[in-house]
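Descriptive analysis of the structure
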Amino acid sequence: MGVFLSYQGTGDPVLVDARLYLPQSWANDPVRREKTHVPEEVDFEEKWRIALRLIDGSASSLPHRWIT
């Protein structure tokens, strides 16, 4: 699963950034992680926190009035 940041201006929508979402059950299961090749640096984080980091990293460079 993933969390995605897209941008819609006057043209077509564009994918700006994305992060892998790892459920807590997967984060705590080394066998499953190894079988699916999940990188070690990916750990459990709530989706809203991932989204906030994506927004914080890109919002200042994208003209916008609101975010959903």
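Coordinates for the structure precede this section.
Right, let's walk through the structure included here. (Residues numbered from 1 in each chain as written. Predicted model: local features only at pLDDT ≥ 70, side-chain atom pairs only at ≥ 80, totals over all residues. Heavy atoms only, no water.)

1. Considering helix H3 (residues 47-58)
- With twelve residues, H3 should reach 16 Å at 1.5 Å per residue; the first-to-last C-alpha distance of 17 Å fits that figure.
- Among the residues of H3, those classed as buried are Ile50, Leu54 and Ser58. Considered in projection along H3, the buried side chains sweep an arc of 55° and stay on one side of the axis. Turned more than 90 degrees off the buried face of H3, the exposed positions are Trp48 and Asp56.
- Residues of H3 that are buried make contact with strand E1 (2-7) and strand E2 (14-20). (Helix = DSSP H or I, 4+ residues; strand = E, 2+ residues; numbered from the N terminus. Expected span 1.5 Å × (residues − 1). Buried < 20%, exposed > 50% of the residue type's maximum accessible area, 1.4 Å probe, protein only. Arc of directions from axis to C-beta. Contact = heavy atoms within 4.5 Å.)

2. Some remarks on the pairing of E1
- The sheet contact formed by E1 and E2 spans six bridges and is antiparallel. Across the sheet, the residue bridging to leucine 5 is aspartate 17, located in E2.
- A loop of six residues connects E1 with E2, the two strands running antiparallel in sequence. (Pairing = 2+ DSSP bridges.)

3. Details of the side chain of arginine 33
- By the element assignment, arginine 33 lies in helix H2 (residues 30-36).
- Contact partners of arginine 33, with chain neighbours within four places excluded, come to Leu22, Trp26, Ala27, Val38, Pro39, Glu40, Val42 and Asp43.

4. Remarks on the packing of aromatic side chains
- Overall, the coordinates contain one aromatic pair when judged by the stated rule.
- On the basis of an interplanar angle of 65° and a centroid distance of 6.5 Å, the ring pair of tyrosine 21 and phenylalanine 44 is categorised as edge-to-face. Note that tyrosine 21 is positioned in the loop between E2 and helix H1 (24-27) and phenylalanine 44 in the loop between H2 and H3, a separation of 23 residues in sequence.
- Of note, lysine 47 hangs over the ring of tyrosine 21, and the distance from its end group to the ring centre comes to 4.8 Å. (Phe/Tyr/Trp six-rings, centres within 6.5 Å; stacked < 30°, edge-to-face > 60°. Lys NZ or Arg CZ within 6 Å of the ring centre and 35° of its normal.)

Geometry only, nothing functional implied.
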